[in-house]
2 protein chains.
Amino acid sequence: MKTYGVIMAGGGGTRFWPLSTKAEPKQFLNLSGRDILVNETIDRQRGLMDRKDIFIVTNESQAELMAARTAGRVEKDHILAEPAARNTAACIGYAAMEILKKYGDGVMCIFAADAYIRDEKEYTRVMREAVRAAEETDALVTVGIRPTFPSTGYGYIRSVEEPGKPWRRVEEFVEKPDLETAKAYVEAGRYSWNSGMFIWRASTILRYFAELLPDVYACLEQIGKALGTPGERQVIREVYPRIPKISVDYGIMERAKGVLMLEGDFGWSDVGSWDTLDAVRRRDREGNISSGDTLLLDAKNCVIYGGEKLIAAIGVEDLVIVEGKSAILVCPVSQAQRVREAVETLEREGRIERL
Amino acid sequence: MKTYGVIMAGGGGTRFWPLSTKAEPKQFLNLSGRDILVNETIDRQRGLMDRKDIFIVTNESQAELMAARTAGRVEKDHILAEPAARNTAACIGYAAMEILKKYGDGVMCIFAADAYIRDEKEYTRVMREAVRAAEETDALVTVGIRPTFPSTGYGYIRSVEEPGKPWRRVEEFVEKPDLETAKAYVEAGRYSWNSGMFIWRASTILRYFAELLPDVYACLEQIGKALGTPGERQVIREVYPRIPKISVDYGIMERAKGVLMLEGDFGWSDVGSWDTLDAVRRRDREGNISSGDTLLLDAKNCVIYGGEKLIAAIGVEDLVIVEGKSAILVCPVSQAQRVREAVETLEREGRIERL
């Protein structure tokens with residue numbers, strides 16, 4: 001059975017503002033100094049599937065840019081353009097329908113465009129197990145991440161070993177916990193982070209859509225009928241914006257029976273904000289992560305991303321300093337989450353030229 | 001007797017890097033939000049002399065820019081171009097010779113291009129007294145500033161009252177003191193800050209040059225002979241770079257007898273670095289001084305000068321954040337003096353495109 005890759009790259013990416021902007025969201029950032037995030041995600045699949053079997057689902061407004069940035073890696077007609085952001089159920093359903101109708105059933109490996117993975121070899125091994133599980137059992141399969149600290153930023157999956165099998169059986173998906181609960185989860189040892197990686201057959205997930213999300217499925221069916229016809233884009237533009245907004249986690253994973261999980265321990269990180277770059281970059285001897293043209297005099301434990309200008313940081317500690325195309329950010333590392341506030345303020349004040 | 005203004009504007013201006021650069025030194029900065037420093041200095045003289053009697057001495061490399069920036073205020077041929085920086089004695093001697101030879105003797109009021117004065121009315125009153133003193137007595141006159149705090153950044157002048165006269169008699173010029181000494185000076189009450197403002201007749205200062213700095217005077221005489229002839233610029237280019245490098249303070253003021261001083265208390269500040277902008281700008285309620293497009297979320301007691309980009313400062317305190325044309329500076333206000341280190345490092349490393 002064929003293995004497909006589906007990269008979800010619809011994010012607005014304000015958490016890395018001002019480097020990420022509406023025009024250049026996070027998936028197009030080169031945070032690691034090697035390549036942009038989406039291309040690193042594509043290249044990471046080399047042990048799992050053929051490049052020509054990778055699809056990217058993204059906003060229609062970013063589809064051209066995505067095609068340009070991934071040219072030579074991903075087929076242009078494998079970039080699926082969403083006319084509106086309708087959350088992950090719509091996104092995955094659309095990809096499943098496209099694959100089933102145009103390319104034939106197969107195992108879809110679904111992941112976000114913007115995670116980092118340190119140990120690619122182990123990642124490949126675990127994902128192959130997951131693909132095999134999906135093929136063998138026709139179940140919904142996910143990859144949970146063995147927690148390295150009591151994170152309050154991720155959802156968790158409680159699972160139980162299945163004797164004689166490489167996979168575990170999912171008992172419950174749980175929401176992002178508070179710190180006390182997160183500590184208890186990590187100690188209990190039966191909880192993994194929900195990484196948002198899913199592995200299943202296109203035909204299987206569509207069956208679950210029909211059963212658990214019939215309203216979404218009705219829209220997907222309309223789209224499915226139009227796929228490959230001259231009216232395809234027209235129908236997608238009409239129907240897609242009406243798909244109920246619901247996440248695949250909430251709509252399907254939390255409600256489906258018999259979900260399987262492979263646990264992965266391969267240095268996964270969703271690199272969600274300026275304070276989580278350790279997964280991506282080495283610190284210098286003074287604890288700084290820096291990129292671009294910088295001049296650091298007694299700067300310690302800072303995150304500094306320069307752009308066209310030199311950034312001179314003198315005598316500062318624990319600061320994020322970032323130069324974007326139209327804005328400069330300075331904030332303590334511990335307040336990196338407040339970038340969202342800045343973005344919201346600018347939106348409210350209509351200063352869109354800074355976003 | 002005619003009153004002339006002589007503005008010394010030869011500074012390299014690295015202390016306001018990266019806003020000030022080699023190409024745009026401090027005198028061209030608009031720190032106050034009203035006008036560039038040199039124009040504010042020119043306009044401040046309105047109660048003292050005619051604009052057409054103001055001269056500016058500056059580097060030859062900046063003369064064109066100076067003429068452009070002061071156009072409409074200062075006559076183009078009143079911009080005196082130094083082929084090399086030879087310290088203040090050369091600068092003042094050249095201006096005195098130019099005035100005496102081309103425009104006739106008169107009282108020269110000499111000041112730097114880059115000081116701020118809060119109370120222009122009081123400034124005008126004190127300067128008029130100083131001009132009168134120079135006319136009446138033919139002495140060297142300076143204006144000392146009544147200290148508002150024990151500064152270690154200025155030299156001091158010890159003086160004694162002269163009964164029945166508006167001026168005081170200078171006893172001694174003293175170097176920049178350490179903090180203990182500065183405190184003692186301020187308590188003693190007989191010490192004023194040396195502001196570098198001088199008032200004297202062109203003919204008088206040239207007489208002092210002849211007596212106290214004969215080597216400098218010999219060069220000035222050669223230049224004086226050439227002034228107004230077709231070979232003028234040629235001679236200046238040959239002779240000027242050979243003038244001994246010495247300050248007027250060290251070469252003349254500290255050695256001359258009978259120097260008079262008017263004490264001024266008009267909110268003078270030399271605005272020497274990013275931590276001394278209170279003389280120039282009001283702080284907001286959170287204690288920030290900001291200019292340009294900024295977004296301040298819980299920023300306190302910061303100095304923020306934006307350029308073309310938005311500066312978003314979140315949760316930071318006591319920081320200087322400045323965007324220049326080719327560099328961005330972030331440092332604690334208390335370490336503003338270290339800008340010099342950054343500039344020196346860039347010079348040493350040959351990164352002149354950042355200066």
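Check the entry above for the structure.
Cut-off values and rules
- Residues numbered from 1 in each chain as written.
- Chains lettered and ligands numbered in written order.
- Predicted model: local features only at pLDDT ≥ 70, side-chain atom pairs only at ≥ 80, totals over all residues.
- Heavy atoms only, no water.
- Pairing = 2+ DSSP bridges.
- Helix = DSSP H or I, 4+ residues; strand = E, 2+ residues; numbered from the N terminus.
- Axes fitted to C-alpha atoms, helices over the stretch in contact; angles between N-to-C directions.
- Buried < 20%, exposed > 50% of the residue type's maximum accessible area, 1.4 Å probe, protein only.
- Arc of directions from axis to C-beta.
- Contact = heavy atoms within 4.5 Å.
- Phe/Tyr/Trp six-rings, centres within 6.5 Å; stacked < 30°, edge-to-face > 60°.
- Parallel < 35°, antiparallel > 145°, perpendicular 65-115°, else oblique.
- Left-handed = near helix turned anticlockwise from the far one by under 90°.
- Nonpolar A, V, L, I, M, F, W, Y, C, P; charged D, E, K, R; others polar.
- Buried area = accessible area lost by both parts, 1.4 Å probe.
- Salt bridge = Lys/Arg side-chain N within 4 Å of Asp/Glu carboxyl O.
- Least-squares fit on C-alpha atoms with pLDDT ≥ 70 in both.

## Thoughts on the sheet that holds strand 15 (residues 310-314) of chain B
Strand order in the open sheet formed by six strands is 12(A)-14(A)-16(A)-17(A)-15(B)-13(B), and the pairing between neighbours is mixed. Where the open sheet ends on each side, the last strands, each with one partner, are strand 12 (289-291) of chain A together with strand 13 (294-297) of chain B. Each strand of the sheet is rotated relative to its neighbour by a mean of 5 degrees, with strand direction disregarded. Relative to strand 15 of chain B, strand 17 (residues 327-332) of chain A runs parallel, the two being bridged by four bridges.

## Overview of helix 8 (residues 232-239) of chain A
For the α-helix, the turn length of 3.6 residues means that residues three or four positions removed from each other point alike. Residue and element names in this part refer to chain A. Listed in full, the buried residues belonging to helix 8 are Glu232, Ile236 and Val239. Taken around the axis of helix 8, the buried residues stretch over an arc of 80 degrees, which confines them to a single face. Packed against the buried residues of helix 8 are strand 3 (79-82), helix 3 (87-102) and helix 7 (214-226).

## Overview of the packing of aromatic side chains
Residue and element names in this part refer to chain B. Evaluated as defined, the whole model comprises 26 aromatic pairs over all chains. When the ring of tyrosine 94 is compared with that of tyrosine 240, the centres are 5.6 Å apart and the planes differ by 65 degrees; the resulting orientation is edge-to-face. Taken together, the positions of tyrosine 94 in helix 3 (residues 87-102) and tyrosine 240 in the loop between helix 8 (232-239) and helix 9 (248-253) put the pair 146 residues apart, joining distant regions of the chain. For tyrosine 240, a relative accessible area of 0% translates into the label buried.

## Points about the packing of helix 6 (residues 202-212) of chain B against helix 7 (residues 214-226) of chain B
Residues and elements named next belong to chain B. Here helix 6 crosses helix 7 at 125 degrees, and the two axes come no closer than 6 Å. Our classification of the angle between helix 6 and helix 7 gives oblique. Two packed elements cross with a definite hand, and for helix 6 against helix 7 that hand is left-handed. Here Leu206, Phe209, Ala210, Glu211 and Leu212 of helix 6 come into contact with helix 7, specifically with Pro214, Val216, Tyr217 and Leu220. Of the residues belonging to the contact of helix 6 with helix 7, the class tally is eight nonpolar, no polar and one charged.

## So, the interface of chain B and chain A
Contacts between chain B and chain A engage 36 residues on the former and 36 residues on the latter. Buried area between chain B and chain A, both sides added, is near 2900 Å², and the carbon and sulfur share of it is 59%. By the criterion of area lost to chain A, the three top residues of chain B are B:Lys309, B:Ile314 and B:Ile328, representing 24% of everything that side buries. A salt bridge links A:Glu308 to B:Lys309; the shortest N-O distance between them is 2.8 Å.

## Comments concerning the relation of the copies chain B and chain A
Of the transformation placing chain B onto chain A, the axial shift is 0.0 Å and the rotation is 180 degrees, giving an RMSD of 0.0 Å. Those values place the two copies in the arrangement expected of a two-fold rotation axis. Of the residues that chain B buries at the interface, 100% are likewise interface residues in chain A, meaning the two copies contact each other through the same surface.

## Topic: helix 6 of chain B
Buried within helix 6 of chain B we find B:Ala202, B:Thr204, B:Ile205, B:Leu206, B:Tyr208, B:Phe209 and B:Leu212. Residues of helix 6 of chain B that are buried make contact with helix 3, strand 4 (107-112), strand 9 (191-201), helix 7 and helix 9 of chain B.

## What about the side chain of B:Thr204?
Its location among the elements puts B:Thr204 in helix 6. Look past the residues within four positions of B:Thr204 in its chain and what remains in contact with it is B:Asp138 and B:Leu140.

## Focus on the environment of B:Pro332
Along the chain, B:Pro332 turns up in strand 17 (residues 327-332). With a relative accessible area of 13%, B:Pro332 lands in the buried category. A C-alpha to C-alpha distance of 9.4 Å links B:Pro332 and B:Val303, two positions 29 residues apart in sequence. In this view, B:Pro332 contacts A:Ile314, A:Gly315, A:Val316, B:Asp318, B:Leu319 and B:Val320; residues no more than four positions away in its chain are not counted.

## Observations concerning the pairing of strand 16 (residues 319-323) of chain A
As a general feature of sheets, a regular strand has side chains that alternate between the two faces. Residues and elements named next belong to chain A. Within strand 16, five of the five residues are buried, leaving the element largely enclosed by the surrounding structure. Covered by surrounding structure in strand 16 are Leu319, Ile321 and Glu323 together with Val320 and Val322, the residues of both alternating faces. Direction of pairing for strand 14 (residues 303-305) relative to strand 16: parallel, over a ladder of three bridges. Looking at strand 16, one finds that valine 303 is bridged to valine 320.

## Some remarks on the sheet that holds strand 17 of chain B
Ordered in space as 13(A)-15(A)-17(B)-16(B)-14(B)-12(B), the six strands form an open sheet in which the pairing is mixed. Each edge of the open sheet is held by one strand with a lone partner, namely strand 13 (294-297) of chain A together with strand 12 (289-291) of chain B. The mean angle between the axes of side-by-side strands here comes to 5 degrees, regardless of whether they run parallel or antiparallel. For strand 16 (residues 319-323) of chain B and strand 17 of chain B, the ladder comprises five bridges, and the chain directions are antiparallel. For B:Val320, the partnering residue across the bridge sits in strand 17 of chain B and is B:Cys331. Helix 10 (residues 339-348) of chain B contacts strand 13 and strand 15 (310-314) of chain A together with strand 17 of chain B of the sheet and is inclined by roughly 130 degrees relative to strand 13 of chain A.

## Comments concerning the packing of helix 3 of chain A against helix 6 (residues 202-212) of chain A
Residue and element names in this part refer to chain A. Where helix 3 meets helix 6, the axes come as close as 9 Å, and the angle between the chain directions of the two elements is 130 degrees. By the angle class used here, helix 3 and helix 6 are oblique. The interaxial crossing formed by helix 3 with helix 6 has left-handed handedness. Residues Ala89, Ile92, Gly93, Ala96, Met97, Ile99 and Leu100 of helix 3 lie in contact with helix 6, whose contacting residues are Ala202, Ser203, Ile205, Leu206 and Phe209. In the contact of helix 3 with helix 6, the residues fall into ten nonpolar, two polar and no charged.

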